[in-house]
Amino acid sequence: MKYDYLIVGSGLYGSTLAERLHKAGKNILVIDKRPNIAGNIYTEKTEGINVHKYGAHIFHTNNKKVWQYITQFAEFNRFTNSPVANYKGELYSLPFNMYTFNKMWGVVTPQEALEKINQQKKEITGEPRNLEEQAISLVGRDIYEKLIKGYTEKQWGRDCRDLPAFIIKRLPVRLTFDNNYFNALYQGIPIGGYTKMIQNMLDGIEVRLSTNYLGHKEELDKIAGKIIYTGAIDEYFDYKLGTLEYRSVKFENEILDKPNFQGNAAVNYTDSETPWTRIIEHKWFEFGKDENGSDLPKTVISREYSSEWKPGDEPYYPVNDDKNNQLYLDYKKLSEKEDKVIFGGRLGEYKYYDMDAVIASALDMYEKIISA
């Protein structure tokens, strides 16, 4: 047996465990079916800009242990996520804060904003039965109609009245002029891009790309004592209990011969007529500068279109409704019988994970492995 651990997938979960186990003296092989490392946080340089190929990834955490761990492999800038909502040409600050309320209603004080929200919330009496009622009960009808309804329906491909209330149990409502989206002590983007960060994590570890584990499972299993599998759990079992559902995202990238397209990293299009959910302008994640601090003459934008997922598409957001969660639990029971395999990460656990939670989960798994 050549390797102590075969790690399937070079995203954050796989790379964190690979780095930790390698440092503990284990012999590691990392494989990935893509032609590149870094999973969905892969960044690719285009016109001097680190383009987030699989959607915008903004690192944020309140977990000091995770922050101290990940900053060994990259220096982070102080990017602050302050998205803008575009509703038919009207621009609003996100998350909902005093700038939003002033633009929406002309209110100036927190008291006036609260009175307006409370007045509109009265429309919903009793327990909200769906996402529409939940949203109105939190922020009132005006904000729901302009800033939530169209965006959410595009995101999920369903009417808000057909979506469960729990999806937006909490909406950030701030009665301050603070439009930093995340309530996180630590936040930023790795300088030089995420791919470079993952490269640093995998330094000294054998990596094989364009290698499909499930297509060569028998021979790959023979060369390692243990497998850490970060792919889709239902695919591992050949979908024998059924297929877990996801939402997918399609990206339309464009290089523009101008220095500035929208003046912000993220603009959400919240009306239902615009087909895309948002436009990302990647250069603003690193303040429009290259690594030498020079202004970049061109810009790269990505329009994002939310879509139903089908096998073969890239899975992004698990549809964590009762039916899918139950199916996942059935697969989890099967996975517990695979004594040689550890299942982890977003696809392995059928869970929507922020990046810091993925790292925390991998660090916890490492502790379990080492203390076993």
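Refer to the structure above for everything that follows.
So, how was this worked out
The numbers attached to residues start from 1 for each chain and follow its sequence in the written order. In view of the model being predicted, local features appear only for residues whose pLDDT reaches at least 70, and side-chain atom pairs are presented and counted only at 80 or more, with totals across whole chains, interfaces and linings using the full set of residues. As a rule here, side-chain values come from all non-hydrogen atoms in the structure, and water together with hydrogens is ignored. For Phe, Tyr and Trp, rings pair up if their centres lie within 6.5 Å, where Trp contributes its six-membered ring, and each pair is then called stacked (planes under 30 degrees apart), edge-to-face (over 60) or tilted (otherwise). Any residue under 20% of the maximum accessible area for its type is buried, any over 50% is exposed, and the rest in between are partly exposed; the area is computed with a 1.4 Å probe on protein chains only. In this text, helices come from DSSP runs of H or I with a minimum length of four residues, and strands from runs of E with a minimum of two, each type numbered from the N-terminal end. Only strands that DSSP links by at least two bridges are regarded as paired with each other. Helix axes are fitted only over the stretch in contact, all axes being lines through C-alpha atoms; the angle between N-to-C directions runs from 0 to 180 degrees. Think of a nonpolar core as a cluster: buried Ala, Val, Leu, Ile, Met, Phe, Trp, Tyr and Cys residues, connected wherever their side-chain atoms sit within 4.5 Å. Here, residues are in contact when the closest pair of their heavy atoms is within 4.5 Å. Each polar contact in these results corresponds to two N or O atoms within 3.5 Å; when the atoms are within protein, one needs to be able to donate a hydrogen and the other to accept it, and residues that are neighboring in sequence are counted only if both atoms are side-chain atoms. Here, a salt bridge means any side-chain nitrogen of Lys or Arg that lies within 4 Å of a carboxyl oxygen of Asp or Glu.

Trainee: What is the right way to look at the packing of aromatic side chains in this model?
Mentor: Any two aromatic rings considered together are summarised by their centre-to-centre distance and by the angle between their planes. Enumeration according to the criterion identifies 24 aromatic pairs in this entry. Seen from their ring centres, Tyr69 and Phe73 are 5.2 Å apart, and the 65° between their planes marks the pair as edge-to-face. Phe73 matches Tyr69 in its accessibility class, with the two residues each being buried. Aromatic pair Phe79 and Phe285: ring centres 5.2 Å apart, planes at 70°, arrangement edge-to-face. Remark: Phe285 occurs in the loop between β13 (278–281) and β14 (299–308) and Phe79 occurs in the loop between α2 (64–70) and β6 (84–87); sequence separation between them is 206 residues.

Trainee: Help me understand the sheet that holds strand β1 (residues 3–8), please; the structure alone is not making it clear to me.
Mentor: Hydrogen bonds between backbone groups are what pair the strands of a sheet, and the pairing can be parallel or antiparallel. Here we have five strands laid out as an open sheet, ordered β9-β2-β1-β10-β16, and parallel in their pairing. Taken across any chain shown, the strands that pair with only one partner, and hence form the sheet edges, are β9 (206–208) and β16 (341–343). The average undirected angle you get between the axes of adjacent strands in this sheet is 20°. Sheet topology note: the strand β10 (residues 224–229)/β16 ladder contains three bridges and is parallel. Looking at the pairing, Ile227 lines up with Val341 of β16.

Trainee: When you look at the nonpolar core in this model, what are you seeing that I'm missing?
Mentor: Among the nonpolar cores identified, the biggest contains 54 residues, and Leu12, Leu17, Phe59, Ile70, Met197, Ile198 and Ile228 are the most heavily contacted of them. Put simply, the parts of the chain that give this core at least two residues each are β1, α1 (12–23), β2 (28–31), α2, α7 (194–201) and α12 (355–371). Top contributing element to this core by residue count: α12, with nine residues. Residues contacting Met197, with those up to four places away along its chain left out, are Leu12, Ile41, Ile70, Phe73, Ala74, Phe76 and Pro190. Grouped together as the second largest cluster of nonpolar side chains are 52 residues, Tyr92, Leu220, Phe237 and Leu334 included.

Trainee: Hey, could you run me through the sheet that holds strand β15 (residues 317–318) in this one?
Mentor: Ordered by their spatial adjacency, seven strands build an open sheet running β7-β6-β12-β13-β14-β11-β15, and the pairing between neighbours is mixed. Two strands bound the open sheet, and with one partner strand each, they are β7 (90–93) and β15. Across four bridges, the pairing between β13 and β14 is antiparallel. Along β14, the bridge assignment pairs Ile280 with Ser302. Where helix α6 (residues 141–156) meets the sheet, its contacts fall on β6, β7, β11 (246–256), β12 (266–269), β13, β14 and β15, and the angle it forms with β14 comes to roughly 70°.

Trainee: Whenever I open this one, the side chain of Glu153 confuses me. Can you help?
Mentor: Mapped onto the secondary structure, Glu153 falls in helix α6. Within the structure, Glu153 has its side chain in polar contact with the backbone nitrogen of Cys160 (distance 2.9 Å). With residues up to four places along the chain from it excluded, the contact list for Glu153 reads Arg158, Asp159 and Cys160.

Trainee: How should I be thinking about the side chain of Thr61 in this particular structure?
Mentor: Residue position: Thr61 is located in strand β5 (residues 59–61). Sequence-distant contacts of Thr61, defined by excluding residues within four places in its chain, comprise Val66, Trp67, Ala184, Leu185, Tyr186 and Asp356.

Trainee: Mind showing me how you'd approach the environment of Leu327 here?
Mentor: Tracing the backbone through its elements, the reader meets Leu327 in helix α10 (residues 322–335). Since its relative accessible area comes to 14%, Leu327 is described here as buried. In sequence terms Leu327 and Glu273 are 54 residues apart; their C-alpha atoms lie 35 Å from each other. Those residues within four positions of Leu327 in sequence are excluded, and the remaining contacts are Leu241, Gly242, Thr243 and Leu244.

Trainee: What is the right way to read the pattern of salt bridges from this model?
Mentor: Close approach of charged atoms lets side chains of opposite charge pair. Applying the stated criterion across every chain, the model contains 24 salt bridges. Close ionic contact of Glu133 with Arg129 constitutes a salt bridge, the shortest N to O distance being 2.4 Å. By relative accessible area, Glu133 is classed as buried at 12%. Exposure remark for Arg129: the relative accessible area of 68% places this residue in the exposed category. Between Lys310 and Asp313 there is a salt bridge, with its nearest N and O atoms 3.3 Å apart. The exposure class of Asp313 is buried, given its relative accessible area of 17%. By sharing partners, the salt bridges in this structure join Glu123, Arg141 and Glu145 into a single network.

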